[in-house]
Amino acid sequence: MLTPERQQKIIDLVLQNEIVKLQELVDITGASESTIRRDLSQLEEENKLKRVHGGAAKLHQKGEEPSILEKSSKNLDAKMKIARAAAQLVKDGDCIFLDAGTTTYQMIPFLEGKRITVVTNGFAHIQALMDKGIPTYIVGGFMKNKTGAIIGRKATESLEAYNFDKAFIGANGVHLNSGYTTPDPEEAAVKSLAMKLSQEAYVLADETKINEVTFAKVGSLHEATIITNTVDAELLHEFEARTSMMVVESK
């Protein structure tokens, strides 16, 4: 099978099945594993698909954004493990920014008992932080119904009043070349500013976000440490060449 024919076969299989395992591609094309890996790397560079742990997956639409209800039940085990690892980085005395999002929300139970101050733009986070007795400041601005994020010019203006020890940010896409992205430019602006106002920034992203690209850029890879649950070994090496990465295995 010639290279163009083989690569088109790979693209077709990914489009049909959403996710295809590396071994399936080897079996269907008759090519070696190393050849398929090279194909996947090339096709990823061409934005035809994304590599995932053990195979390849379909890229999602750049402006597609699930609601907070849709996101809250997806990959919950991975999100909780990422959240636990992130919360362990928070020390007594820290002032932290907790971004709106379902993975950052999962950090809250693990923050109980810590002597910290939190600033958040997550509407859903407020009651949970209050229930845990955590001193919390709320960013002002426009509340986006779909995600519960407080965004807009007023949000960025009020955020500028703070400086953080650590910022914990959610992202819809974490990509080697495109960096951290999210579908909404106004939400991206809040995330980006929080990262800049923090001594240490962390992006919390489960494996489904790795090598995805969405519409609005939040920041470049080197601007934050990535906390995720699992990454293909080859891809992990490429990410670690550009930024620090914490991998919390979800198994």
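Below is a summary of the structure that appears in this document. (Residues numbered from 1 in each chain as written. Predicted model: local features only at pLDDT ≥ 70, side-chain atom pairs only at ≥ 80, totals over all residues. Heavy atoms only, no water.)

1. Some details on the side chain of T214
Turning to step 1, where the next piece is worked out: Tracing the backbone shows T214 in the loop between β12 (198–204) and β13 (216–219).
Turning to step 2, where the next piece is worked out: Engagement of the side chain of T214 in a polar contact is seen with the backbone nitrogen of T182, the distance being 2.9 Å. (Helix = DSSP H or I, 4+ residues; strand = E, 2+ residues; numbered from the N terminus. Polar contact = N/O pair within 3.5 Å; in protein donor to acceptor, adjacent residues only side chain to side chain.)

2. What about the side chain of D99?
Turning to step 1, where the next piece is worked out: Residue position: D99 is located in the loop between β4 (95–98) and α6 (102–105).
Turning to step 2, where the next piece is worked out: Among the residues examined, D99 registers a relative accessible area of 0% and is labelled buried.
Turning to step 3, where the next piece is worked out: Within the structure, D99 has its side chain in polar contact with the backbone nitrogen of G170 (distance 2.9 Å).
Turning to step 4, where the next piece is worked out: Contacts of D99, omitting those with residues within four sequence positions, involve T104, N121, H125, F168, I169, G170 and K191. (Buried < 20%, exposed > 50% of the residue type's maximum accessible area, 1.4 Å probe, protein only. Contact = heavy atoms within 4.5 Å.)

3. Here's the deal with the nonpolar core
Turning to step 1, where the next piece is worked out: F97, L159, V174, Y180, V203 and F239 are the most contacted members of the largest nonpolar core, which has 35 residues in total.
Turning to step 2, where the next piece is worked out: At the level of secondary structure, the elements contributing two or more residues to this core comprise β8 (149–151), α9 (153–159), β9 (164–170), α10 (185–196), β12, β13 and α11 (233–240).
Turning to step 3, where the next piece is worked out: Here this core gets five residues from one element, more than from any other, and that element is α10.
Turning to step 4, where the next piece is worked out: Once you skip the residues sitting within four places of it in the chain, V174 turns out to touch G179, Y180, V203, A205, K209, I210, N211, E212, L221, I226 and F239.
Turning to step 5, where the next piece is worked out: Within the second largest apolar cluster, 21 residues are counted, among which are A87, I116, A128 and L204. (Core = buried A, V, L, I, M, F, W, Y, C linked by side-chain atoms within 4.5 Å.)

4. Quick word on the sheet that holds strand β3 (residues 55–57)
Turning to step 1, where the next piece is worked out: Pairing is antiparallel in the open sheet, where three strands are placed in the order β1-β3-β2. Edge strands, defined here as strands with exactly one partner in the open sheet, are β1 (19–21) and β2 (50–52). Across this sheet, the average inter-strand angle for adjacent strands is 30°, counted without regard to direction.
Turning to step 2, where the next piece is worked out: Here β1 runs beside β3; their pairing, made up of three bridges, is antiparallel. Bridge pairing links K21 to G55 in β3.
Turning to step 3, where the next piece is worked out: The sheet strands contacting helix α1 (residues 3–17) are β1 and β3, and the helix crosses β1 at an angle near 125°.
Turning to step 4, where the next piece is worked out: Strands in contact with helix α2 (residues 22–29) are β1 and β3; relative to β1, the strand with the most contacts, it is inclined by about 75°. (Pairing = 2+ DSSP bridges. Axes fitted to C-alpha atoms, helices over the stretch in contact; angles between N-to-C directions.)

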